[in-house]
Amino acid sequence: MLIARQKNNQWYWLGGGLAMAIIPLWAELPGWLLPFVIAIYLWRLIYPQHLARQGKWIKLLVVTVSVMLLSVSIGSIFSLQGFVGLLVLASSLKLIELETRRDYLLMVFLGCLISACQLLFYNSVLSFGYTLCSLLILHTALLQMFINSESAQSVKQRLLASILKVTIIFLQALPIAIILFIVMPRIGSIWTVPINSNVAKTGVTDSLTAGDIGQLNQDFSVAMRITFSSSAQPSVSQMYWRGMSLAAFDGKTWRRVPEAAPLSDKLRNKLQKVTERTAGPLYRYQIMQEATGRPWLYSLSTPIVRNREIVQGQDYSLSRHSPLQRRFQYEVTSAADFIDNTPLGHEQYLRYTQLPGAGNPQTRAFAQQLKQRLGSTQNIIDFLTEQYQHGFSYTLSPGKLSTENPIDDFLFNTKRGYCEHFASSSAFLLRAAGVPARIATGYQGGQWSTDHQYLLVTQAQAHAWVEFWDEQSGWVRWDPTAVVAPERISRGTSEFLLLDGRAQDIAALFRKNSWVRNWQLQWDGLNYQWHRWVLGYNSQLQFQFVKKLLGAVDSWRIGLLILLVLGLVIAPLMIKSSRKSGTRQTDPVIKLCHKLDKKMAKLQLHREPQETLSRFLSRAAIEQPSLAVALRSIAADLEKLLYYPTSSSSAEIATVAANIKKLKYR
Amino acid sequence: MNIVERETRVNVNLLEQIEASVSEVLLGKQAKIKLVICCLLARGHLLIEDLPGMGKTTLAQAFAEVLGLAYNRVQFTSDLLPADLLGVSIFNRQESSFSFQQGPIFTQLLLADEINRTTPKTQSALLEAMEEQQVSIDGKTRPLPEPFFVIATQNPSSHSGTYPLPESQLDRFLMRIELGYPNAAAERIILQRLGTATKGHRARANKLSAIINVEQLETLQYQASQVSVSDALLDYVQRLISYSRDNESIGCGISPRGSLALLSAAKAWALIEHRDYLLPEDIQQVFPAVIAHRISATGAVKAQEAVADHILTQVDVIYS
Amino acid sequence: MPIHTENWNARFINLLLSKRKTLKKRHQLTHKNLFIFPSLLGLCYLLFIMLLWLLGTNYQNNLILALSYLLISIMLVSIFHSYVNLQGLTVSVAPSAAVFCGEIAIIPLCFESAQQGRYQGIKIGWRGAPIAPIEWGGKGEIAATLAFKTTVRGKIQVPRLELRSYYPLGLLRCWCLLPLDLQVVVYPQAVAASPIESGFEADAEAAANATQYRRRADTVEFDNLQRYQQGESIKNIAWKHYARSDILYRKNSLNTPQANTSLRWDQYPAAGCEQKLQHLCFAALRLSEQDRSYSLTLPQVYIEASSGASHLQQVLTALALCEERALPERLNS
């Protein structure tokens, strides 16, 4: 009866741990698997013994059918999802015939493995904490097997005690694990593995269509985080995180023109030189970009990178060879005042003034008018600025524009819109006036973390602006949105939303509350550090960190560090246990006697058990006449300490100890 | 404190005188005489086990003389009844009442000769008196005089016609010693004396004069009890005892009474050695005499003492 | 004591143990007598950690790598936990009652803990087979017994006591092999002698007794006859009845005090050494059951005639301890 109950208890721990391990994976697995697993759990719970007695053929049938179902619904069984799915399936089916001790132990391992697999899909702090919790539960299940099963303790007490024990073990293991994590060398992939390839494509796209979306969704998920290592930093309103330029326009949509050639070496070297000097506004920063599923990267104007994975286009935009399937971290240096006024080639000129043959006639006419009236590019820009400041307004829900002539509609009719509208129409207008222009997309601004450690850029800060060609200054950035709604730039989108008074988003409403906002920033701070130091801890970072920590990267230093941490963890345990056993001699005089005996043993003189100190030492004095005086005095002193009625003082003990130490043997 | 110390010194010299004068009578047995003195100072009773004619009676008699104690000798025979030892109530016709006629036990030093020749009944009467320091007859309790010592002698148990003392009663004796044969030199003197002395040397004992009186003896006993014992030595005593209890080859372990006896005897030995504190040597000196008869009921004295010595060699003096 | 030398592991342990031979009644578990080695589960755990590490390395997943480091640290830490669990425990053994060969000796053990219920999941048993769990029941000191199957007579040293624990996580086996200072006195098995082995040809003493009996036979009244039992004195056998019925009867005499019976080594000339001891044992038990007085004569030992439980014990012990070497070679007659 008792044994049965205990077995049940163990089962609860194991079942709980397994369930904890499986639950977070449900999103990654086929929909039918979760109900299937739940059904098995329930069945097992209601009829603990029933399942085990099913016939062999029924079991085999269930296994075959479910594995086939899995392979059909996942597609390939040899993918990551397939692997995890199989694990979950195996663990659940094993529950059917969980009978022996070995099954139980196997299940614990399966649970640990499934729990670890969760980290292949999710890697936030919370997921890791969750995995640790489920491992804790599974280890508690393990502990249940090896503790006293006596009835003196109540079940509750025992559970508490086992949880406590496992927690202690985990807490003691944690520092050692951290040190191992820090110092153990990283080696790259040993063989190629199927990678989880369905990262959702988010962030800025390589096309821009003004007016086909009535309302802009506000997405506050993180786009990237930036740490400045240079003391010079641009103000937030001047932070334009430029991704790429869109040059091709078909009347509705701006598209990226694939760059034929990378940035010429000549220009590159020139830029390099600029970044090497010390004077002038030079920004050095590190960007940690979230996985986007796209290859391009973001930076401030005229960047230079030393990363071989990154290529730089002629328009100074950065991109990687492969799409970002995971978070990517890169170092950039930007020289803000670098001017590239290399004259545009004919081909380039055509590309940047290219317009579709027809459409938006009103705008075209207006542009021609401007060109004739104002002449210089700068005058046109000034005029447009003035025009935008009066009569145009910024809104995130501008409504749809006419499909025929959207730019005409916007400029002369609705006059309401957001960055895409302004950028798109301005670029069109400039091109129509014969000024080479393009649209640049990326992010604008950012939010400093509470400790001002890093800048957080969210998807809501996605932005588009215009770049036009000037013969003296080269490509010049011009942001018409900033003209229309300077608040949008200076305060950030979320606040602008509130000002706009049209915020329906509850999340945005919450941002009004300062402590929630604070908490959120703190939380993001933690996440940032997590990404930077834990997830992004690669061999390069490791080398730097270990060098900083230990002074140099030597195997002996590392070994010593590991031993030190191990010692620190173990010392309290050992001290506690040695106190408990209580066999240690605590009397200092008795300890002295021990010492003396050891010393005399080196002289080949062994005290018989029944031999008193004085007798032993006088015998020793005869055998070692050179020590006779010292030995007699030690004998007298020690006997006095041991047997005289007066209490022994520590000074006397110290004297005798010193005398014993002085005994020299030849 | 000073006064006591001075007194001790004087008295301890007296002890040496006692030893000297007794050993004049019992030649070549200084060590045993010292043990007897030790036994007296520890207020314990003594059992002498040896073959007839080794000087047991002489020893007892000499002690009675030098200590100035009232002395009685009872020869234990198989027909000795408890009443012969303790005394009887006799009806007095003149006073028409019972009057108690004290037996030989009402003395300060009793020599119980050949105690194992008498019946267990009489043995236990004596042993009860030894333990209780009083005698209960006809429902009335009569205290024995102070001090009260018993020196009992017994023949080796293998001799015929003996009722060996059970362990429980052996335990009442603080020490058991064996006199043993005198050495050659002492034997020679004994033989020579036969020529000079007319009545043998048992007669000589009578001539010994008292060296101390009862008060002095009691002071000495008090001083012996005041000898200080350090924790280290208490540990040693405990180690000895627990070894005797844990070891299978030892018939029965030392009882708490035995450990008390060991400690008080050792203290008395320390006093004889002119010390007011105990040393492990004191314990080791008295150990065989105090312990041998307590650890196994049967067997020869020599074998038992060998066991006691074995315990000493197995237990470390300083630490466990 | 069976010594397992089948595998290297046992041989290695034997090598280690050979230095620690002192038999003791009381052992305290310390770092000197405790061994720790990964259990089978622990080896699986290590494999599992390797798997995780490979997974983490291949997927360049720092979190899975961290997990594998955590698990290996857990294993490291649990080494100390398993040591602390057994350390300080005191095991003592009390003498066991003597048994007959083939019987099971019950060895009383005592476990003292320095702290209540601190020791978890300990199993005890003879070397190589620790099966009995210790149930502390919340007490600081508990008594347990272990059965020890006896196969030969004599003073038998018990095998090493093994304490084993897989606490805390079952990954490590922490165990110790304690040489107990305990010898069990194993009496010979009591086996009745067949009449042939008994060998009725009487030696000189028996012949003398027989003559004595014959002289008195006419005056002694026998009120009944009983079946002759092995080990009884042959001088009470009713030979007349034997001649008639071929069954050995013993004459129960009422008016003669039962004479001392002597058990002698040479009583069973036809039997081997061990067999002789077995028969003597049987005879002693039989006589003791009838509360009769008997003596024992062995080549080196003589025990005076007596009766009672302690006498029986003395006799049986003498039989148990009878040394093979001291026995005279069996006569090939």
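Residues numbered from 1 in each chain as written. Chains lettered and ligands numbered in written order. Predicted model: local features only at pLDDT ≥ 70, side-chain atom pairs only at ≥ 80, totals over all residues. Heavy atoms only, no water.

Novice: Honestly, the overall build of chain C in this entry has me stumped. Any pointers?
Specialist: Helix and strand counts for chain C come out as eight helices and 17 strands. When the 333 residues of chain C are sorted by exposure, 48% land in the buried category. Within chain C, residue pairs in contact and separated by at least 24 positions form 69% of the contacts whose partners lie at least 6 positions apart. When the accessible surface of chain C is summed, it comes to about 16300 Å², and 55% of that surface belongs to carbon and sulfur atoms. (Helix = DSSP H or I, 4+ residues; strand = E, 2+ residues; numbered from the N terminus. Buried < 20%, exposed > 50% of the residue type's maximum accessible area, 1.4 Å probe, protein only. Contact = heavy atoms within 4.5 Å. Areas by Shrake-Rupley, 256 points an atom, 1.4 Å probe, with all protein chains shown as cover.)

Novice: In this structure, what is going on with the overall build of chain B? I would like to understand it.
Specialist: From N to C terminus, chain B includes 13 helices and nine strands. Partitioning the intrachain contacts of chain B with sequence separation of at least 6 by distance along the chain shows that 77% fall at a separation of at least 24.

Novice: Help me out: how do you make sense of the interface of chain A and chain C in this one?
Specialist: By a widely used convention, the size of an interface equals the accessible area lost when the partners come together. Taken together, the 60 residues of chain A in the interface contact 53 residues of chain C. Here chain A and chain C share an interface that buries about 5000 Å² over both sides, 73% of which is from carbon and sulfur atoms. Our count for the chain A to chain C interface comes out at zero salt bridges. Per-element tally for the side of chain A that touches chain C: the top contributor is helix H7 (residues 155-183) of chain A, with eleven residues. Taken together, the residues that form the side of chain A that touches chain C break down as 42 nonpolar, 13 polar and five charged. (Buried area = accessible area lost by both parts, 1.4 Å probe. Salt bridge = Lys/Arg side-chain N within 4 Å of Asp/Glu carboxyl O. Nonpolar A, V, L, I, M, F, W, Y, C, P; charged D, E, K, R; others polar.)

Novice: Is there a simple way to explain the confidence of the model for chain C in this structure?
Specialist: Low pLDDT marks regions whose predicted coordinates should not be analysed in detail. Residue and element names in this part refer to chain C. In the predicted model, chain C carries a mean pLDDT of 74, and the fraction of residues at 70 or more is 70%. Every residue in residues 1-6 is under pLDDT 50, and counting partners more than four places away or in other chains gives eleven contacts. Per-residue pLDDT stays below 50 along residues 253-258; that stretch engages in ten contacts with residues further than four places along the chain or on separate chains. (pLDDT = per-residue confidence, 0-100.)

Novice: What am I meant to see in the sheet that holds strand E4 (residues 248-249) of chain A here?
Specialist: In any sheet, the strands associate via hydrogen bonds between backbone groups, in a parallel or an antiparallel arrangement. All names here are of chain A. Here we have three strands laid out as an open sheet, ordered E1-E5-E4, and antiparallel in their pairing. The two strands at the open ends of the sheet, each matched to only one other strand, are strand E1 (207-209) and E4. Two elements, E4 and strand E5 (residues 253-255), share two bridges in a ladder whose sense is antiparallel. Looking at the pairing, Ala248 lines up with Arg255 of E5. Taken strand by strand, helix H13 (residues 419-432) contacts E1, E4 and E5, and its axis lies near 80° from that of E5. (Pairing = 2+ DSSP bridges. Axes fitted to C-alpha atoms, helices over the stretch in contact; angles between N-to-C directions.)

Novice: Would you explain the packing of aromatic side chains in this entry?
Specialist: Given two aromatic rings, one states the distance between the centres and the angle between the planes to describe the pair. Following the criterion strictly, the structure yields 34 aromatic pairs over all chains and no others. Ring centres 4.3 Å apart and planes at 45° place the aromatic pair Tyr644(A) and Tyr277(B) in the tilted group. You can see Tyr644(A) sitting in the loop between helix H23 (628-643) and helix H24 (650-662) and its partner Tyr277(B) sitting in the loop between helix H11 (256-272) and helix H12 (280-295), one on each of two chains. On the accessibility criterion, Tyr644(A) (29% relative accessible area) is partly exposed. These aromatic residues form a ring-pair network of at least three members: Tyr388(A), Phe392(A), Phe410(A), Phe422(A) and Trp478(A). (Phe/Tyr/Trp six-rings, centres within 6.5 Å; stacked < 30°, edge-to-face > 60°.)

Novice: It is not clear to me how the environment of Tyr537(A) should be interpreted in this structure. Could you clarify?
Specialist: Structurally, Tyr537(A) can be placed in the loop between helix H18 (514-535) and helix H19 (539-550). A C-alpha to C-alpha distance of 9.3 Å links Tyr537(A) and Phe181(A), two positions 356 residues apart in sequence. The contacts of Tyr537(A), once residues within four sequence positions are left out, are Phe181(A), Ile182(A), Arg186(A), Arg532(A), Gln542(A), Phe545(A), Val546(A) and Asn62(C).

Novice: Just checking my understanding: could you explain a positive patch on the surface for this structure?
Specialist: Judged by side-chain charge, Lys598(A), Lys602(A), Lys24(C) and Lys32(C) come together as a positively charged surface patch. Along the chain, the position of Lys598(A) falls in helix H21 (residues 588-602). (Patch = residues over 30% accessible without salt bridge, like charges linked within 9 Å, V, L, I, M, F, W, Y side chains within 5 Å. Lys, Arg positive; Asp, Glu negative; His and termini not counted. Charge placed at Lys NZ, Arg CZ, Asp CG, Glu CD.)

Novice: How should the side chain of Asn61(C) be read in this particular structure?
Specialist: Relative to the helices and strands, Asn61(C) is located in the loop between helix H2 (40-58) and helix H3 (62-86). Engagement of the side chain of Asn61(C) in a polar contact is seen with the backbone nitrogen of Ile64(C), the distance being 3.3 Å. Apart from the residues within four sequence positions on either side, Asn61(C) is in contact with Leu119(A), Leu120(A) and Gly56(C). (Polar contact = N/O pair within 3.5 Å; in protein donor to acceptor, adjacent residues only side chain to side chain.)

Novice: Teacher, can you tell me more about the nonpolar core here?
Specialist: Within soluble globular proteins, side chains that are nonpolar tend to cluster in buried spots. If you look at the biggest cluster of nonpolar residues, it comprises 102 residues, and the most contacted ones within it are Met600(A), Leu638(A), Leu41(B), Phe63(B), Met175(B) and Val286(B). Per-element tally for this core: the top contributor is H11(B), with ten residues. Here Leu41(B) is in contact with Leu15(B), Leu217(B), Leu220(B), Gln221(B), Ala224(B), Ala268(B), Leu271(B) and Ile272(B), once residues within four sequence places are set aside. By size, the runner-up hydrophobic cluster in this structure holds 94 residues, among which are Phe121(A), Leu142(A), Leu535(A) and Tyr537(A). (Core = buried A, V, L, I, M, F, W, Y, C linked by side-chain atoms within 4.5 Å.)

Novice: Sorry if this is basic, but what is going on with helix H8 (residues 309-321) of chain C here?
Specialist: In an α-helix there are 3.6 residues to a turn, and that puts residues three or four apart on one side. Residues and elements named next belong to chain C. Here H8 contains 13 residues, and its C-alpha end-to-end distance of 18 Å stays within 8% of the 18 Å for a straight helix at 1.5 Å per residue. Restricting attention to buried positions, one finds in H8 the residues His311, Leu312, Val315, Leu316, Ala318, Leu319 and Ala320. Here the buried face of H8 lies against strand E4 (99-100), strand E9 (154-157), strand E12 (183-187), helix H7 (273-289), strand E16 (294-297) and strand E17 (302-306). (Expected span 1.5 Å × (residues − 1).)

Novice: Can you walk me through a nonpolar patch on the surface in this structure?
Specialist: All names here are of chain A. Together, Tyr12, Ile23, Trp26, Leu34, Ile38, Leu42, Trp43, Leu45, Ile46 and Tyr47 line one region of the surface with nonpolar side chains, adding up to about 1000 Å² of accessible area. No other element matches helix H2 (residues 33-46), which puts six residues into the nonpolar patch. Of note, Leu34 is situated in helix H2. Overall, the relative accessible area of 30% leaves Leu34 in the partly exposed class.

Novice: Is there a simple way to think about the packing of helix H11 (residues 377-389) of chain A against H13(A) in this case?
Specialist: The relative placement of two packed helices is expressed as an angle between their axes plus a distance between the axes. All names here are of chain A. As a packed pair, H11 and H13 sit with axes 12 Å apart at the nearest point and diverge in direction by 145°. Crossing handedness for the pair H11 and H13: right-handed. Each of Ile380, Ile381, Leu384 and Tyr388 in H11 lies in contact with H13, whose residues at this interface are Phe422, Ser425, Ser426, Leu429 and Leu430. (Left-handed = near helix turned anticlockwise from the far one by under 90°.)

Novice: So what exactly am I meant to see when it comes to the sheet that holds strand E1 (residues 26-28) of chain C here?
Specialist: Residue and element names in this part refer to chain C. Read from one edge of the open sheet, four strands run E1-E3-E5-E8, paired in antiparallel fashion. A strand with exactly one partner marks an edge of an open sheet, and here the two such strands are E1 and strand E8 (141-149). In this sheet, adjacent strand axes meet at a mean angle of 25° when their direction is disregarded. As judged from the three bridges shared by E1 and strand E3 (residues 90-93), these two strands associate in the antiparallel manner.

Novice: Would you explain the environment of Arg153(C) in this entry?
Specialist: Residue and element names in this part refer to chain C. If you trace the backbone, Arg153 turns up in the loop between E8 and E9. Since its relative accessible area comes to 13%, Arg153 is described here as buried. Expressed as a C-alpha distance, the spacing of Arg153 and Phe100, which sit 53 residues apart in the sequence, is 7.6 Å. There is a polar contact of 2.9 Å between the side chain of Arg153 and the side chain of Glu274. At a separation of 2.7 Å, a polar atom in the side chain of Arg153 contacts the main-chain carbonyl oxygen of Ala320.

Novice: Teacher, can you tell me more about the pattern of salt bridges here?
Specialist: Here the idea is simple: oppositely charged side chains can pair when their charged atoms come close. Under the defined criterion, the tally for this structure stands at 23 salt bridges over all chains. The salt bridge partner of Arg607(A) is Asp316(B), with a shortest N-O separation of 2.7 Å. Taken as a pair, Arg607(A) in the loop between H21 and helix H22 (613-623) and Asp316(B) in the segment after helix H13 (301-314) lie in two separate chains rather than in one. Residue Asp316(B) is classed as buried on the basis of its relative accessible area of 17%. For the salt bridge of Glu131(B) with Arg172(B), the shortest nitrogen-to-oxygen distance reads 3.9 Å. Of this pair, Glu131(B) sits in helix H5 (residues 120-132) while Arg172(B) sits in the loop between helix H6 (167-170) and strand E9 (175-177), placing them 41 residues apart in sequence. Of the residues examined, Arg172(B) reaches a relative accessible area of 23% and is grouped as partly exposed. Because the salt bridges share partners, they merge into one network encompassing Glu131(B), Asp171(B), Arg172(B), Arg257(B) and Arg294(B).

Novice: In this structure, what is going on with the side chain of Asp315(A)? I would like to understand it.
Specialist: Tracing the backbone shows Asp315(A) in the loop between strand E8 (310-312) and strand E9 (318-320). A polar atom in the side chain of Asp315(A) sits 2.8 Å from the side chain of Ser317(A).

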